[in-house]
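Structural characterization, general
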Amino acid sequence: MANDRLTVAVLGPGGVGGLLAALLARAEHRVICLAGDETAQLLGADGIRVRSAHFGDFTARVEADTELREPVDACLIAVKATALDAALERVPAKALGDTGLVVPLLNGVEHPAALRARYRPEQVAPAVIRVESTRLAPGLIEHGSPFADIDLTGDTVPRARLDALAGALEWAGARVRIQDDEAATLWAKMSFLAPLALLTTRYGVPLGDVRTLHREELVALIEEIATVSRANGAPVDPATALAQYDAFPAAMKSSMQRDAEAGRALELDAIGGALLRAAARGGVPVPVATRLVTELAPPGPPVA
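A few points on the structure. (Residues numbered from 1 in each chain as written. Predicted model: local features only at pLDDT ≥ 70, side-chain atom pairs only at ≥ 80, totals over all residues. Heavy atoms only, no water.)

1. Comments concerning the sheet that holds strand S8 (residues 127-130)
Note the following rule: In this scheme, strands are said to pair when DSSP sees at least two bridges between them. Here a strand is any run of E in DSSP of at least two residues, a helix any run of H or I of at least four, and the numbering for each starts at the N terminus. Axis lines are fitted to C-alpha atoms, over the contacting stretch for helices. Their N-to-C directions set the angle, which ranges from 0 to 180 degrees.
Strand order in this open sheet of 3 strands is S8-S11-S12, and the pairing throughout is mixed. Only two strands of the sheet have a single partner each, and these edge strands are S8 and strand S12 (175-178). Taking the axes of each pair of neighbouring strands and ignoring which way they run, one obtains an average angle of 15 degrees across the sheet. The pairing of S8 with strand S11 (residues 149-152) spans 4 bridges and is antiparallel. Paired with Val128 across the two strands is Asp151, which belongs to S11.

Next up, the structure:
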């Protein structure tokens, strides 16, 4: 794939967004990070520092602003689902232009529809990323996994636009695949992410303990999600999902678990709630998922 120079905005330059912003900037793309006043000033002045055994330690210069003010080739959405609505105020549809892609790197399966209601459907290109990357402080990113793998999709997006962005990300260092089936791509991630998030957070243990101490529950949850995905037109192989669990580092934690440890709001509705709603639409009983979501839910109206 070619590495044509692009202008890319990154909404949410945290662990994932900050890493991709720095990699793209190092590959000589123009990068505009969108954040609050203090973070935008810091990034504009000092750039983004990355610590990574895989990509090396480096500092990348980026532009930064509190709001998108000009058309871009792509805007990567890397905020938490809990902050999505407020964060999107930084990306006015008029400023984005008619051809710029909106690329959500969010958890869950419901956000593409919400974004297509806000932007042009042919501009929304959902992506799935597999990476362990943490923001230690504004502008300081620690990348811990020996990979940064991205599946880029978009049933309504012209293929040439996907190819251009995929080429830029590959040259920057990520491994990128363009997937033809958007629903299947999102549900494939859900089949791995939901058990990881719900079980590591519920029991407060890393992945290695989940797949040993709670393996029966893990297998049952993976099978529930596979049944839900089939009912929603996106078949997922539970054996593939389980094999992923057995291959990942034992010390791996989910982002939801890290949020719980830090006292931050959980993406429980975007992950667990979306799963329960999809199960209800398909008429699929999911007792393990229902129990875990109920046990993790804060006091108040139930997540569903």
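Let's pick the thread back up.
2. Observations regarding the nonpolar core
To keep things clear, this is the line we draw: Definition used in this section: a nonpolar core is a set of buried Ala, Val, Leu, Ile, Met, Phe, Trp, Tyr and Cys residues joined via side-chain atoms within 4.5 Å. Categorising residues by exposure relies on relative accessible area from a 1.4 Å probe, with only protein chains included: less than 20% of the type maximum marks a residue as buried, more than 50% marks it as exposed, and the intermediate range marks it as partly exposed. By the convention used here, residues are in contact when the closest approach between their heavy atoms is within 4.5 Å.
In this structure, Ile48, Val103 and Leu152 are the most contacted members of the largest nonpolar core, which totals 43 residues. Considering each element in turn, this core owes the most residues, 7 residues, to helix H1 (residues 15-26). Among residues more than four places away in sequence, those in contact with Val103 are Ala74, Cys75, Leu76, Ile77, Ala125, Ala127, Leu152 and Leu165. Residues Ile225, Val284, Val288 and Leu296 belong to the second largest nonpolar core, which totals 42 residues.

3. Regarding helix H2 (residues 37-46)
Think of an α-helix as turning once every 3.6 residues; residues three or four places apart then point the same way. Under the convention used in this document: This arc corresponds to the set of directions leading from the helix axis out to the C-beta atoms.
Residues Thr39, Ala40 and Leu43 constitute the buried set of H2. All buried residues of H2 project into a common sector of 100 degrees when viewed along the axis, lining one side. The exposed residues of H2 that point more than 90 degrees off its buried face are Asp37, Glu38 and Gln41. Buried residues in H2 make contact with strand S2 (30-34), strand S3 (48-52), strand S5 (63-65) and strand S9 (133-137).

4. As for unusual backbone geometry
In this model, Glu28 sits at a positive phi of 75 degrees, which is unusual for a non-glycine residue. Position of Glu28 among the secondary structure elements: in the loop between H1 and S2. Since its relative accessible area comes to 61%, Glu28 is described here as exposed.

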